[in-house]
Amino acid sequence: MADALKVPTMAEMFAAGKKPEVLFWVGCAGSFDDRAKKITKAFVKILNKANISFAVLGTEESCTGDPAKRAGNEFLFQMQAVSNIEVLNAYEIKKIVTACPHCFNTIKNEYPGLGGAYEVVHHTQFLKELLNEGRISMEGGTFKGKRITFHDPCYLGRANGVYEAPRELIQKLDAELVEMKNCKQKGLCCGAGGAQMFKEPEKGNKDVNIERTEQALETTPDIIAAGCPFCNTMMTDGVKNKEKESEIAVMDIAELIATAEDL
Amino acid sequence: MQYLPNILFVAILVIGIGFFVKNLGKLRRNILLGKEVDVNNNKPTRWRNMALIALGQSKMVVRPIAGLLHIIVYLGFIIINIEVLEIIIDGIFGTHRIFAGLGPVYDFLIASFEILAVLVIVAVVVFWVRRNIIRLSRFFKPEMKGWPKKDGNLILYIEFVLMLLFLTMNAADYSLQQMNAEHYLQAGSFPVSQYISELFGSLSLPNLILLERTAWWLHIVGILFFLNYLYYSKHLHILLAFPNTYYGKLGPKGQFKNLEAVTKEVKLMLDPDADPFAAPSEDTEDPSKFGASDVMDLNWVQLLNAYTCTECGRCTNECPANQTGKKLSPRKIMMDTRDRLEEVGKVLDANKGEFKEDGKQLLDDYITREELWACTSCNACVEACPVSIDPLSIIMDMRQYLVMEQSAAPSDLNNMMGNIENNGAPWPFNQMDRLNWSKES
């Protein structure tokens, strides 16, 4: 890696009297999970290369409360939400981008009722915007002709109706987008949502991520693309379970683009 | 004595409709046991949803075969019911085919009823084959054993018989018209039953009249029976699909409601000016129960959902937990809610409208914790429902009860929540390390 990442914090920006164009909400997975941190960095590399004025909250960021709410702990969720909203409002944040569909859904849909109204976009939507405005360019090169299947994260797709932005980006890479038998509105969950990520699954005859991985493998992909750090983990585990990790990569859309741009 | 049939008819009609109206009252009372919920917003969108989803069947056709068959039966029943209006008028006033004066329009109407009746019979037979010969897996989940399975078939039998009676009535009528029988005026066009009438060639005039009258009476009595059957059946959806799609969830599916009672408490806790030792003011209400352990804790739209469910199983079919062998079935969540609500209704009936503890509740006695914790909140069930039922909201309300009232979350989740509380992440990492990734290569 040639250059160190430039990751300004809101506190630094504020002290310098500057306001970023957008706040990058990193999320817990993006901050702490080793696999997800790579997604975070890939996204930052794209932002850096395009000279996008952004900032992160850094140590002032805290869990949005999504897993607590979905686990049934409304109190903990609202404590998290109200504290986060105080920080966001203090910095007069207008626009937020995040690579986590759970953070995206929670901040976009559940924060406004608690006093936090922002324009919230998923990183695939944001990248799409940048591309449309000509602020980033993409060349297929690396992925030309590769078969890529996209796994719809529930909280991006069904929950918020975002299906096209990630797919358009994949197509911009000159890759061959192949769809699983369950996609878009009918996309099958990876098994992590609703706080399942943090517990053992109930007794059954299969794990959800294995079922979904099998659907993905049916498309004989070179790459399984994801747009959510939790889906990424679940699909990576699924591919390992099928002993296909040497042939099939599980990659976030941001990683695809960063790789294509040789960042 | 010549008015005896008229009197008999009016009596049957009054009893049939009266009993149905009485049950509708019970239905309304049971649904309103649910909590208040604000669904008076966005009326234009709500009307639009009802028009598209219920009237326009837009979500039925997601599965093209079942969708097409369903549209046939649905249209058949709505349109053929114009005939019921004529039967009722004839029955009350002793007339025969009172709308015959419409002439060619009448011919057209009767002809289309007949063709629809045949299509309905075909669709009903295919539905029966799917349930009993092909045995589609979604009709054979554990919750479908016993009454639900019988109910599904009974509806098909009743519809089959009603259509057959309608065609028999027309066929006999047609034969009588050909014989210039008294009282049987020449009216209507019978593209289907004219062929059935050939079977009746050997019947004498009195026997034909007997056949026609029998089919006529059985048809209308059958329809009144079917009307009353609805309340005891999954078939209630033919009425409730309309209000249910009207009151269905608006806005993004991922948006779960924020509990207002909690918001007040949280704001107070985080307000630096609040006096923590202040005595509660006079008008402070008792703290409400969080989440749901029984049907009365759900809101009335969720209870309406339960009565609307027609147990088609599209939700369960799409559920990732169910697909991988877990106990959770969103359809069972709805069926359990209705069964428990009916049980509560019976307790009310037995105690002059007052609820007395019956030692049971929705949680554990109907819906187990294992089912609730298997949900990934992926919204596949909500998306799949053709009549805007939201099983996920019930699951979430019941989880809320388990966690907030009973602290009964699985231990892994307690760890996760403990981490969020202590260090702002679901894992045990220090919040001060949140930006470390930016310095790692």
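Keep in mind that what you see is a predicted model, and the values were worked out from it rather than measured.

A word on the overall build of chain A. For chain A, the count of helices and strands is eleven helices and eight strands. A globule of 263 residues ought to have a C-alpha radius of gyration of about 18 Å, and chain A, at 18 Å, matches this closely. Here the C-alpha coordinates of chain A stretch approximately 50 × 45 × 30 Å along the principal axes. The proportion of buried residues among the 263 residues of chain A is 57%.

Take the confidence of the model for chain B next. This prediction gives chain B a mean pLDDT of 94; 98% of its residues lie at or above 70. Interface scoring of the predicted complex returns ipTM 0.96; its pTM is 0.95.

With that settled, consider the domain arrangement of chain A. All names here are of chain A. Each domain of chain A was delimited in the assignment, giving domain 1 (10-131) and domain 2 (138-260). The C-alpha-based centres of domain 1 and domain 2 are spaced at 22 Å. The partner domain 2 presents 28 residues to the 27 residues of domain 1 that form the contact. Looking at the side of domain 1 that touches domain 2, the elements with two or more residues in it are helix H2 (27-32), helix H3 (34-49), helix H4 (66-71), helix H6 (101-110) and helix H7 (123-132).

Moving on, we come to the packing of helix H1 (residues 4-31) of chain B against helix H7 (residues 205-229) of chain B. Each pair of packed helices can be summarised by the angle the axes make with each other and by the distance between the axes. All names here are of chain B. One can describe the packing of H1 onto H7 by two numbers: an axis separation of 9 Å at closest approach and a directional angle of 15 degrees. The angle between H1 and H7 places the two elements in the roughly parallel class. Handedness of the H1/H7 crossing: left-handed. Residues Ile12, Gly16, Phe19 and Phe20 of H1 pack against Val221, Leu224, Leu227 and Asn228 of H7. Residues belonging to the contact of H1 with H7 are distributed by class as follows: six nonpolar, two polar and no charged.

The subject of this paragraph is the environment of Val161(B). Examined against the element boundaries, Val161(B) turns out to sit in helix H5 (residues 147-178). Spatially, the C-alpha atoms of Val161(B) and Val105(B) are 27 Å apart, while their sequence positions differ by 56 residues.

We now examine the pairing of strand S7 (residues 223-226) of chain A. Consecutive side chains of a regular strand alternate in pointing toward one face of the sheet and then the other. All names here are of chain A. Burial along S7 is two-sided: Ile223 and Ala225 facing one way and Ile224 and Ala226 facing the other are all buried. The sheet contact formed by S7 and strand S8 (residues 249-252) spans four bridges and is parallel. Within the sheet, the bridge partner assigned to alanine 226 lies in S8 and is aspartate 252. Handedness of the crossover joining S7 and S8 through helix H10 (residues 229-241) is recorded here as right-handed.

Looking now at the UniProt feature "transmembrane region" (unreviewed entry) in chain B. Residue and element names in this part refer to chain B. Listed under "transmembrane region" (unreviewed entry) in the UniProt record, and renumbered for this structure, are residues 6-25, 65-89, 109-129, 154-172 and 214-232. The straight-line gap between the two end C-alpha atoms of residues 6-25 is 28 Å; of that span, 100% is helix and 0% is strand. Across residues 109-129, helical content stands at 100% and strand content at 0%; the span's end C-alpha atoms are separated by 30 Å.

This paragraph deals with the nonpolar core. Counting 148 residues, the largest nonpolar core has Ile224(A), Ala225(A), Met235(A), Ala254(A), Ile257(A) and Met398(B) as the members making the most contacts within it. Broken down by element, the residue count for this core peaks at nine residues, all from helix H16 (residues 391-405) of chain B. Listed in part, the 32 residues of the second largest apolar core include Val73(B), Tyr174(B), Phe190(B) and Ala215(B).

On to the domain arrangement of chain B, then. Residue and element names in this part refer to chain B. Once the domains are mapped, chain B shows domain 1 (4-31 + 63-246) and domain 2 (260-269 + 289-425). One C-alpha centre belongs to domain 1, the other to domain 2; they are set 38 Å apart. Contacts between the two partners involve 18 residues from domain 1 and, on the opposite side, 21 residues from domain 2. Among the elements of the structure, H1 and helix H8 (237-246) are those that each provide at least two residues to the side of domain 1 that touches domain 2. Looking at the side of domain 1 that touches domain 2 element by element, the count peaks at six residues for H8. Its residues assigned to classes, the side of domain 1 that touches domain 2 comprises eight nonpolar, five polar and five charged.

Reading the values: rules and limits
Residues numbered from 1 in each chain as written. Chains lettered and ligands numbered in written order. Predicted model: local features only at pLDDT ≥ 70, side-chain atom pairs only at ≥ 80, totals over all residues. Helix = DSSP H or I, 4+ residues; strand = E, 2+ residues; numbered from the N terminus. Rg over C-alpha atoms; globule rule 2.2 N^0.38 Å. Buried ≥ 20, exposed ≤ 12 C-beta atoms within 10 Å, placed from the backbone. pLDDT = per-residue confidence, 0-100. Domains from an automatic or database assignment. Contact = placed C-beta atoms within 7 Å. Axes fitted to C-alpha atoms, helices over the stretch in contact; angles between N-to-C directions. Parallel < 35°, antiparallel > 145°, perpendicular 65-115°, else oblique. Left-handed = near helix turned anticlockwise from the far one by under 90°. Nonpolar A, V, L, I, M, F, W, Y, C, P; charged D, E, K, R; others polar. Pairing = 2+ DSSP bridges. Right-handed = clockwise from strand over helix to strand, strands pointing away. UniProt positions renumbered as here; feature names shortened; annotations may be inferred. Core = buried A, V, L, I, M, F, W, Y, C linked by C-beta atoms within 7 Å.

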